[in-house]
Amino acid sequence: MELLHKQNERTVKLVVYIATVLVCAIVVVLNQKWIPHPVEFPSFIYKLPALNAFLNGTCSVLLIASLVAIKKKNIALHKKLNVTAFVLSALFILSYVTAHYFIPDTKYGDLNHDGMMSAEESELVSGIKPIYLVILLSHIFLAIIVLPLVLLSFYYGLTDQREKHKKLTRISYPVWLYVTVTGVVVYLMISKYYNY
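Being a predicted model, the structure only gives us computed values, none of them experimental.

A. Examining unusual backbone geometry more closely. One non-glycine residue, Lys73, lies in positive phi territory at about 65 degrees. Counting through the fold element by element, Lys73 comes out in the loop between helix H2 (48-71) and helix H3 (75-102). For Lys73, a relative accessible area of 71% translates into the label exposed. Positive phi, normally seen in glycine, also occurs at Asp160, with a value near 60 degrees. Mapped onto the fold, Asp160 is located in the loop between helix H4 (119-158) and helix H5 (162-190).

Written out as structure tokens, the structure reads:
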């Protein structure tokens, strides 16, 4: 039985690592200039970045509520909140990939809709851009790292391997929370530069 359990865990880890590599590869490929992007597409696509921020913000609230639930030893509520956050995060990934396929990247500080930027705005953008880049780069880097950690945390939690779940969640939880919160922050900082 122990051997079967270890074999299952190896298989799950392999699937988790393959899924992580695939998601990262899709995102990287979609950000390449040589990928042909459709010229025409439904207008709802432009609402996806706001939806993504909403999904991230909702996940942040759910993760905090989940921590409160487990501190109160309410395991059933803890599971429900985490499964909901997991489903919303999966929807986020689908929405994010879809948005990046259709919408060209926006750079922080790009000209606004009328093509003009005042000297004060330009100075402000120059001052804030390094902060934005630190938040964005840490968000991206930790989003890549947290994906397998969250998937494995879920596996341990759903298979009632509590010690492994607790040990891994001490790492995955704060990183996942950081990623969801900074996802909202990045959206709030960049959205005013959208050219659509």
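B. Molecular detail of the packing of H2 against H3. Viewed as axis vectors pointing N to C, H2 and H3 meet at an angle of 160 degrees, and their least axial separation amounts to 9 Å. Regarding the angle of H2 to H3, the classification is roughly antiparallel. Seen from above, H2 lies across H3 with left-handed handedness. Tallied by class, residues from the contact of H2 with H3 come to 18 nonpolar, 10 polar and no charged.

C. Quick peek at the nonpolar core. The biggest cluster of nonpolar side chains holds 17 residues, and the ones touching the most others in it are Leu62, Leu63, Ala85, Leu88, Val146, Val150 and Trp176. Breaking this core down by element, the ones donating at least two residues are H2, H3, H4 and H5. Membership of the second largest hydrophobic core comes to 10 residues, among which are Tyr108, Val186, Ile190 and Tyr193.

D. Focus on the pattern of salt bridges. Enumeration according to the criterion identifies 4 salt bridges in this entry. A salt bridge links Glu9 to Lys164; its shortest N-O distance comes to 2.8 Å. Note that Glu9 is positioned in helix H1 (residues 2-30) and Lys164 in helix H5, a separation of 155 residues in sequence. Since its relative accessible area comes to 8%, Glu9 is described here as buried. Take Lys164: its relative accessible area is 37%, and that puts it in the partly exposed class. We note a salt bridge from Lys166 to Glu163, for which the minimum N-O separation is 3.8 Å. A residue pair is termed a helical-turn pair when its members lie 3 or 4 positions apart in one helix, as Lys166 and Glu163 do in helix H5 at 3 residues. Lys166 gets classed as partly exposed once you look at its relative accessible area, which sits at 44%.

E. H5, seen in detail. The first and last C-alpha atoms of H5 sit 40 Å apart over 29 residues, in line with the 42 Å expected at 1.5 Å per residue. At Thr169, H5 shows its maximal kink, close to 45 degrees.

F. Seen up close, the environment of Thr182. Counting through the fold element by element, Thr182 comes out in helix H5. Exposure remark for Thr182: the relative accessible area of 6% places this residue in the buried category. Non-local contacts of Thr182, meaning those with residues more than four positions away in its chain, are made with Ile135 and His139. A polar side-chain atom of Thr182 sits 3.3 Å from the main-chain carbonyl oxygen of Val179.

G. Fine view of the packing of aromatic side chains. Applying the stated criterion across every chain, the model contains 8 aromatic pairs. On the basis of an interplanar angle of 75 degrees and a centroid distance of 5.0 Å, the ring pair of Tyr101 and Phe102 is categorised as edge-to-face. Taken together, Phe41, Tyr46, Tyr101 and Phe102 form an aromatic cluster joined through their ring pairs.

H. Summary view of the confidence of the model for the protein chain. Of all residues in the protein chain, 90% attain a pLDDT of 70 or more, and the chain-wide mean is 87. Looking over the protein chain, one finds the lowest element-wise mean pLDDT in H1, namely 83, and the highest in H2, namely 97.

I. Examining the environment of Thr159 more closely. Within the element layout of this structure, Thr159 appears in the loop between H4 and H5. A polar contact of 3.5 Å, which involves the side chain of Thr159, links it to the backbone oxygen of Tyr156. Side chain to side chain, Thr159 and Gln161 meet in a polar contact 2.9 Å long.

Reading guide: rules and limits
Residues numbered from 1 in each chain as written. Predicted model: local features only at pLDDT ≥ 70, side-chain atom pairs only at ≥ 80, totals over all residues. Heavy atoms only, no water. Helix = DSSP H or I, 4+ residues; strand = E, 2+ residues; numbered from the N terminus. Buried < 20%, exposed > 50% of the residue type's maximum accessible area, 1.4 Å probe, protein only. Axes fitted to C-alpha atoms, helices over the stretch in contact; angles between N-to-C directions. Parallel < 35°, antiparallel > 145°, perpendicular 65-115°, else oblique. Left-handed = near helix turned anticlockwise from the far one by under 90°. Nonpolar A, V, L, I, M, F, W, Y, C, P; charged D, E, K, R; others polar. Core = buried A, V, L, I, M, F, W, Y, C linked by side-chain atoms within 4.5 Å. Salt bridge = Lys/Arg side-chain N within 4 Å of Asp/Glu carboxyl O. Expected span 1.5 Å × (residues − 1). Bend = angle between axes of the 7 residues up to and from the residue. Contact = heavy atoms within 4.5 Å. Polar contact = N/O pair within 3.5 Å; in protein donor to acceptor, adjacent residues only side chain to side chain. Phe/Tyr/Trp six-rings, centres within 6.5 Å; stacked < 30°, edge-to-face > 60°. pLDDT = per-residue confidence, 0-100.

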